[in-house]
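Report on the structure
Listed below are the residues making up each chain.
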Amino acid sequence: MKRFFLYTLLSFFLLLPSAGQASANSNDSIRLSLLTCAPGEEIYSLFGHTAIRYENPSQGIDVVFNYGLFSFNTPNFIFRFSLGETDYQLGVTDYERFATEYTFYGRSVWQQTLNLTNEEKAKLIQLLQENYRPENRVYRYNFFYDNCATRPRNKIEESIAGKVVYPIAPQDGSRTFRDIVHQYCKGHPWARFGIDLCIGREADQPITQRQMMFAPFYLMDAFDGTYIFTDTYFRPLVKTKEKIIDVTPEPDESDWMPTPLQCSLLLFILTAAATIYGIRRRTGLWGIDLVLFGMAGIVGCVLAFLALFSQHPAVSSNFLLLVFHPGQLLFLPYIVYCVRKGKKCWYLTLNLVVLTLFIMLFPVIPQRFDFAVVPLALILLIRSASNLIVTSKKK
């Protein structure tokens, strides 16, 4: 999944002569391969990347078909991405340019040469050419179900004259989308925390081996053991596999950064200390509440927006809305008013009950949360409780 400006789109007519030769079964030297690229450091590249390489020596063609092109400069990109209305497109770039880029960024690339007949090669080239037409190359991207890995897989399957049988995976149905997200976010705790905030319980449902192929390396591993069955014979899908770009990433020398859990624990300690001070002085610390409930409300507005309006399939049912919800922001003026006037706040009473239930039921809620959420929920809980305690003492 690379930035739009990194690629040079090759002229469509350069590909046409090779398609004719392949369809005529006159050039066995044509090679089509699945490329799998190592993860990068940017959040959009943490999961790696998949592309299709097309080589035709007789025509001097060596290009890469890439379904991961997008542009941050697209109008309203962030807003459209949050709505699940991000448009990606198929692009074509010269292999040498592709290899130079991945070598520069220290990302290795594996090549699986596909074991296709000449007819199947011709069909796949035709499908890619048709997909590359200006009216066809743009598609609605979906991170889990329609991305730069699933599109090449589907085109390859469509080109094969036979039944594609994937190996039986022992992990079939034993993993979830969230499991795979965590696997590839290792070493990037803030990226993992942000994704965990946004995706809901749908991401914790068991998924099939085919659904796991949204991640490029799961697709590569599946292709290694896949066979093509026809009425008379069967053959492996992958003829050969090699590491065509072998680089060692430079060690991460970035400055140390605290994790979300460390930050939330520190904030909890500071809030608890201030709360104890406020209770002893019998005073409401409305300035602290303004910041804490305000931030919780802003996060809640984002989560509610995703749940109600986004087309992303894994964000609609999010139990974190029990902690972070728009009500924290909507009722903030009323909270501050009650604290300053020393009046009992019914909203804080309700908030205390909901947050207590969330903490108590945390282990059995059918959604996995980043543990950094617990101190944050406790912060809102003790602030709600302390204000009720202070107002009751004043009476």
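The preceding data block contains the structure.
None of the values given here were measured: they were computed from a predicted structure. (Residues numbered from 1 in each chain as written. Predicted model: local features only at pLDDT ≥ 70, side-chain atom pairs only at ≥ 80, totals over all residues. Heavy atoms only, no water.)

Topic: the side chain of Asn 387
Within the element layout of this structure, Asn 387 appears in helix H15 (residues 373-394). Here Arg 383 takes part through its backbone oxygen, which lies 3.0 Å from a polar atom of the side chain of Asn 387. Those residues within four positions of Asn 387 in sequence are excluded, and the remaining contacts are Gly 284, Asp 289, Val 339 and Leu 348. (Helix = DSSP H or I, 4+ residues; strand = E, 2+ residues; numbered from the N terminus. Polar contact = N/O pair within 3.5 Å; in protein donor to acceptor, adjacent residues only side chain to side chain. Contact = heavy atoms within 4.5 Å.)

Considerations on a nonpolar patch on the surface
A cluster of nonpolar side chains, Trp 286, Leu 290, Val 291, Met 295, Ile 298 and Leu 329, forms an exposed patch at the surface whose accessible area comes to about 540 Å². Counting residues per element, the nonpolar patch draws most heavily on helix H11 (residues 286-309), which supplies five residues. You can see Leu 329 is positioned in helix H12 (residues 327-330). Relative accessible area serves as the criterion here: at 33%, Leu 329 is assigned to the partly exposed category. (Patch = residues over 30% accessible without salt bridge, like charges linked within 9 Å, V, L, I, M, F, W, Y side chains within 5 Å. Areas by Shrake-Rupley, 256 points an atom, 1.4 Å probe, with all protein chains shown as cover. Salt bridge = Lys/Arg side-chain N within 4 Å of Asp/Glu carboxyl O. Buried < 20%, exposed > 50% of the residue type's maximum accessible area, 1.4 Å probe, protein only.)

Details of the packing of helix H4 (residues 118-132) against helix H5 (residues 150-159)
Packing of H4 against H5 leaves a shortest axis separation of 8 Å and a crossing angle of 135°. Taken together, the axes of H4 and H5 lie oblique to each other. The two elements H4 and H5 cross, and the hand of that crossing is right-handed. For the pair H4 and H5, the contacting residues are Glu 120, Lys 123, Leu 124, Leu 127 and Asn 131 in the first and Arg 151, Lys 155, Ile 156, Glu 158 and Ser 159 in the second. (Axes fitted to C-alpha atoms, helices over the stretch in contact; angles between N-to-C directions. Parallel < 35°, antiparallel > 145°, perpendicular 65-115°, else oblique. Left-handed = near helix turned anticlockwise from the far one by under 90°.)

Focus: the pairing of strand S2 (residues 31-37)
Along S2, six of the seven residues are buried, which leaves the element largely enclosed by surrounding structure. Where S2 and strand S3 (residues 49-56) come together, seven bridges link them in antiparallel fashion. Counted as the bridge partner of Ser 33 is Arg 53 from S3. Across five bridges, S2 lies against strand S6 (residues 109-114) in antiparallel orientation. Bridging across to S6, Leu 35 finds its partner in Gln 111. (Pairing = 2+ DSSP bridges.)

Topic: the packing of aromatic side chains
The description of an aromatic ring pair uses the distance of the two centres, along with the angle that the planes make with each other. Tallying each qualifying case throughout the model produces 30 aromatic pairs. Seen in terms of ring centroids, Phe 177 and Phe 214 are 5.4 Å apart; in terms of plane orientation they differ by 70°. Their pairing is edge-to-face. Linking Phe 177 in helix H6 (residues 177-184) with Phe 214 in the loop between helix H8 (209-212) and helix H9 (216-224), this pair joins segments that are 37 residues apart in sequence. A residue is classified by how much of its surface remains accessible, and Phe 177, at 2% relative accessible area, is buried. Through a chain of ring-to-ring contacts, three or more aromatic side chains come together here, namely Phe 47, Phe 143, Phe 144, Tyr 145, Phe 177, Tyr 184 and Phe 214. A cation over an aromatic ring shows up here: Arg 53 above the ring of Tyr 95, its NZ or CZ 3.6 Å from the ring centre. For Arg 340, the ring lying beneath its charged end belongs to Trp 286, and the centroid distance is 5.0 Å. (Phe/Tyr/Trp six-rings, centres within 6.5 Å; stacked < 30°, edge-to-face > 60°. Lys NZ or Arg CZ within 6 Å of the ring centre and 35° of its normal.)

Quick look at the sheet that holds strand S10 (residues 234-236)
Here we have three strands laid out as an open sheet, ordered S8-S9-S10, and antiparallel in their pairing. Unpaired on one side and paired on the other, strand S8 (163-165) and S10 mark the two borders of the sheet. Between one strand and the next, the sheet's axes are offset by a mean angle of 25°, whatever the strand orientation.

Here's the deal with the pairing of strand S5 (residues 87-94)
When a strand is regular, its side chains alternate between the sheet's two faces. Taken across its eight residues, S5 has six buried, putting it largely inside the fold. Across three bridges, S5 lies against strand S7 (residues 138-140) in antiparallel orientation. Residue pairing across strands places Tyr 88 opposite Tyr 139, the latter belonging to S7.

Comments concerning the nonpolar core
Within the largest apolar cluster, 35 residues are counted, with the highest numbers of intra-cluster contacts made by Leu 32, Tyr 54, Phe 65, Leu 114, Ile 156, Phe 223 and Leu 237. Residue assignment for this core shows that the elements contributing at least two residues are S2, S3, strand S4 (61-70), S5, H4 and H9. Counting residues per element, this core draws most heavily on S4, at five residues. Those residues in contact with Ile 156, other than ones at most four positions away along the chain, are Leu 34, Ile 52, Leu 114, Leu 124, Phe 223 and Leu 237. (Core = buried A, V, L, I, M, F, W, Y, C linked by side-chain atoms within 4.5 Å.)

So, H6
Counting buried positions over the eight residues of H6 gives six, a clear majority of the element. If you check which residues of H6 are buried, you get Phe 177, Arg 178, Ile 180, Val 181, His 182 and Tyr 184. Check the buried side of H6 and you find it contacts helix H7 (189-198), H8 and H9.

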